[in-house]
Amino acid sequence: MKTDSNHQNGKLTGIEMLEYYEKGPWPSHVNEMKKTAYPLEVYASGLETRASPWFGGSAKVRYVYVGFIARRSKDGKNTELHFRVFQPSGQIYRTETLRKLLDFSDKYGLGLLQVMGQTGGLIISIDPEKADEAVDALRSLGTDIGDTGDTFRDFASCIGPALCEYSLFNTLEARDYYLSYPPIYEKISNQLFPFKVKLKFSGCPMDCSRAVHRADFGFIGTWEGAPEVDQALLKDKDKSGQISMEDLARNCPSSSINVSVSGDLSIDPEKCEKSMNCIKRAFPAIKPGKTRKIAFMAGGNIKGRFGPKMAKPVALLDDYKQAEVFITSVIDRWEENYPHKDRIGDMLAKEGFSRVVEALKETLPVAPNGKPSGQTRIIDSAVLSDEERDLYATWSRKIMDEYRGA
Ligand code: SF4
């Protein structure tokens, strides 16, 4: 990354780095933080030492076991108590709701709010003296504190049909449904599990919510058979230079596309792995097929006892609700039998994915082990070997060295 020469040489002090982040035409997080009592010097010291300036801390909030993050600076001079707050599906806020949250943050915190990301909104630095009162005030705004600890985390959905033309099912509604599904909802504020549980919902195989990589249970919109092709529209696009049919065929990861001598493009329904490659290039001349399905996946995680894993396909569903009993059955089995810090993916790896699915197949409306998406062929629920771990560590170190100009 090119910055300025000092920055490339890594010679800036922490405070100078903060000044650097105030430059440029974009809104600066440092400018925003400077307007409040946020302890920027702690942030600066972390930048300078290239290590977190924070230790974990502790706090007690009446009747609440999850949703707050307590920490103290390593020099012992600062303590913080943040509230994580459930977000609306797709992170779509009315301005009125945002204003209420900002008023809340002004009254109980520093007037700082962080609303991006899939881990819930964050109200930064609540006054610990007012924390009990703040929980009640937050609930009166129609949201709640949550999303930390060994429990259900805030579920994430892609923006889905609210904004995206590719969405094959209503990811926003599905997320709301599972958040309020009674066997899930009643456990959402308690730390009863060996580790955290995440559900994610993506409208199509492009998987913007990263359900394959980061969800214990993932739902991904897909379809059966080949994508639909509008030959006339596709030929127009090809003629006008917007796309090249030959390129579409060449770049299809499963080599499913054929262009005939008459210039028609066909896609082999048996071979198509739903990569979305041709669809995103040629939409709407190529669209997902009409028989919509939902690929239901299980066992993905980044943090787990046995390392990162990709989720594996469980079944092709007609409706996202069809997985509810399977999910709660897997969780019951995991909760009763597994030690602290084992994720659901760890359980599936230890017991055998297909043995667990086979044991619980009565809870599914269709035969398990569908063929949801091309993504799953990359690496199925694999635990990294030591060699792969070294390779990954070397690669990420190289990127960081390049960034720091070392
Ligand atoms: S996952 Fe698919 S449907 Fe959802 S936002 Fe991304 S491209 Fe759109």
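Rules of the game
- Residues numbered from 1 in each chain as written.
- Predicted model: local features only at pLDDT ≥ 70, side-chain atom pairs only at ≥ 80, totals over all residues.
- Pairing = 2+ DSSP bridges.
- Helix = DSSP H or I, 4+ residues; strand = E, 2+ residues; numbered from the N terminus.
- Contact = placed C-beta atoms within 7 Å.
- Axes fitted to C-alpha atoms, helices over the stretch in contact; angles between N-to-C directions.
- Near = placed C-beta within 6 Å.
- Nonpolar A, V, L, I, M, F, W, Y, C, P; charged D, E, K, R; others polar.
- Buried ≥ 20, exposed ≤ 12 C-beta atoms within 10 Å, placed from the backbone.
- Domains from an automatic or database assignment.
- Expected span 1.5 Å × (residues − 1).
- Arc of directions from axis to C-beta.
- pLDDT = per-residue confidence, 0-100.

In this section: the sheet that holds strand 7 (residues 199–202). On the basis of which strands lie adjacent, the open sheet formed by five strands has the order 6-7-8-13-14 and mixed pairing. The sheet is open, and its two borders are formed by strand 6 (156–157) and strand 14 (312–317), each paired with just one other strand. As paired elements, strand 8 (residues 217–223) and strand 13 (residues 292–298) share seven bridges and run antiparallel to each other. Bridge pairing in strand 13 places Phe217 opposite Ala298. Sheet strands in contact with helix 7 (residues 171–179) are strand 6, strand 7 and strand 8, and its direction is about 165° off that of strand 7.

On to the site of the ligand, then. In the vicinity of the ligand, the residues found are Cys158, Ile159, Gly160, Cys164, Tyr166, Ser167, Ser202, Gly203, Cys204, Met206, Asp207 and Cys208. Split into classes, the residues belonging to the shell around the ligand amount to seven nonpolar, four polar and one charged.

Another aspect to go through is the environment of Gly299. On the secondary structure map, Gly299 appears in the loop between strand 13 and strand 14. Along the primary structure Gly299 and Ser45 are separated by 254 residues, whereas in three dimensions their C-alpha atoms are 38 Å apart.

This paragraph deals with the environment of Phe217. Relative to the helices and strands, Phe217 is located in strand 8. Since 25 C-beta atoms lie within 10 Å of it, Phe217 is described here as buried. As for Phe217 and Pro313, which are separated by 96 residues in sequence, their C-alpha atoms are 9.9 Å apart. Setting aside residues no more than four positions away along its own chain, Phe217 makes contact with Leu199, Ala298 and Ile327.

Annotation of the protein at the domain level lists domain 1 (5–51), domain 2 (55–139), domain 3 (156–224 + 291–387) and domain 4 (228–287). Averaged C-alpha coordinates put domain 2 and domain 4 at centres separated by 48 Å.

With six of eight residues buried, helix 14 (residues 344–351) is to be regarded as a mostly interior element. Among the residues of helix 14, those classed as buried are Ile344, Gly345, Asp346, Met347, Leu348 and Ala349. In the core, the buried residues of helix 14 are packed alongside strand 13, helix 13 (324–337) and helix 15 (353–359). Note on helix 14: the residue one or two positions beyond its end, Gly352, has a positive phi of about 100°.

Moving on: helix 5 (residues 95–108). Its 14 residues place the ends of helix 5 20 Å apart at the C-alpha level, agreeing with the 20 Å of an ideal helix rising 1.5 Å per residue. Those residues of helix 5 that sit buried are Phe104, Ser105 and Tyr108. Along the axis of helix 5, the buried positions cluster into a sector of 100°, meaning they face one direction only. What points out from helix 5, more than 90 degrees from its buried face, is the exposed set Thr95, Glu96 and Arg99. Packed against the buried residues of helix 5 are strand 4 (113–114), strand 5 (121–123) and helix 6 (131–139).

For the protein, the average pLDDT comes to 89, and 92% of its residues sit at 70 or higher. A low-confidence stretch, residues 1–5 stays under pLDDT 50, and its non-local contacts, those more than four residues away or across chains, total two contacts. Here residues 372–382 is a poorly scored stretch, pLDDT under 50, and it has 38 contacts once near neighbours within four places are set aside; other chains count.

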